[in-house]
Amino acid sequence: MNAKKIILDFYKSDALINPEVLETFLHPDVILDWNSSKGFIQMKRDDLLALASELSRSYIRSKVAISHIVKEGNLISVRYSHSVKTFENPREAILLANFMVIWELKDDKLYRGFQMSQLS
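To keep things clear, this report deals only with the structure shown in the data block. Since the model is a prediction, treat every value here as computed from it, not as a measurement.

### Remarks on the pattern of salt bridges
Opposite charge on two side chains permits pairing when their charged atoms draw close. The final tally for this structure, using the stated rule, is four salt bridges. Across the salt bridge formed by D9 and K5, the nearest N and O atoms sit 2.9 Å from each other. With D9 and K5 both in helix 1 (residues 3-12) and four residues apart, the pair spans about one turn of that helix. On the basis of relative accessibility, which here comes to 29%, the residue D9 falls in the partly exposed class. Taking relative accessible area as the criterion, K5 reaches 41% and is therefore assigned partly exposed.

Okay, here's the thing in structure tokens:
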């Protein structure tokens, strides 16, 4: 499958707040190195699924607005903004953060990620 299409399908889905959907995109050995405004964290498959599960308890909808996507080999770079809608206020989208990530794909799955984020 086309690597760019896999990434677009991933960010257009509710995978960031739905662990069942997220699981379909993750390689068994996935690792995400994440530098955020709060520090560095390395996440593996179970950590990512737990994060999506935690987010699903607070948000009913997740939307990613991609401003840039660049493919080179099996690496895809994506710059995006992540907004959510809460249970308490489902009509208003709240910007969570802005992200820049480089994903390496393996076997058509997210395998290795390098991500930076800035809270809104």
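### Considerations on the layout of surface pockets
Its volume calculated, the largest pocket comes out at about 680 Å³. Surrounding the largest pocket, 28 residues form its lining, W34, L51, L55, F99 and Q115 being those nearest its centre. Mapped by element, the contributors of at least two residues to the lining of the largest pocket are helix 1, strand 1 (26-36), strand 2 (39-44), helix 3 (45-56), strand 4 (75-86), strand 5 (93-106) and strand 6 (109-119). Here the element with the most residues in the lining of the largest pocket is helix 3; it accounts for five residues. When grouped by side-chain class, the residues that make up the lining of the largest pocket number 20 nonpolar, six polar and two charged.

### Focus: the sheet that holds strand 1
Backbone hydrogen bonds are what pair the strands of a sheet, in a parallel or an antiparallel way. Spatially, the six strands line up as an open sheet ordered 2-1-6-5-4-3, and their pairing is mixed. Of all strands in the sheet, those with a lone pairing partner are strand 2 and strand 3 (59-72), marking the two edges. Adjacent strand axes in the sheet meet at a mean angle of 20° when their direction is disregarded. Bridge analysis of strand 4 against strand 5 gives eleven bridges, and the strand direction is antiparallel. The residue bridging S83 from the neighbouring strand is L95, located in strand 5. Along the sheet, helix 1 contacts strand 3, strand 4, strand 5 and strand 6; its crossing angle with strand 3, the most-contacted strand, is approximately 160°. Across the sheet, helix 3 touches strand 1, strand 2 and strand 3, and the angle it forms with strand 1 is around 70°.

What counts and how
- Residues numbered from 1 in each chain as written.
- Predicted model: local features only at pLDDT ≥ 70, side-chain atom pairs only at ≥ 80, totals over all residues.
- Heavy atoms only, no water.
- Salt bridge = Lys/Arg side-chain N within 4 Å of Asp/Glu carboxyl O.
- Helix = DSSP H or I, 4+ residues; strand = E, 2+ residues; numbered from the N terminus.
- Buried < 20%, exposed > 50% of the residue type's maximum accessible area, 1.4 Å probe, protein only.
- 1 Å grid on protein atoms, 1.4 Å probe; cavity = no way out; pocket = protein on both sides within 12 Å on 5 of 7 lines; lining within 4 Å.
- Points joined across faces, edges and corners; volume = space filled by probe spheres on them.
- Nonpolar A, V, L, I, M, F, W, Y, C, P; charged D, E, K, R; others polar.
- Pairing = 2+ DSSP bridges.
- Axes fitted to C-alpha atoms, helices over the stretch in contact; angles between N-to-C directions.
- Contact = heavy atoms within 4.5 Å.

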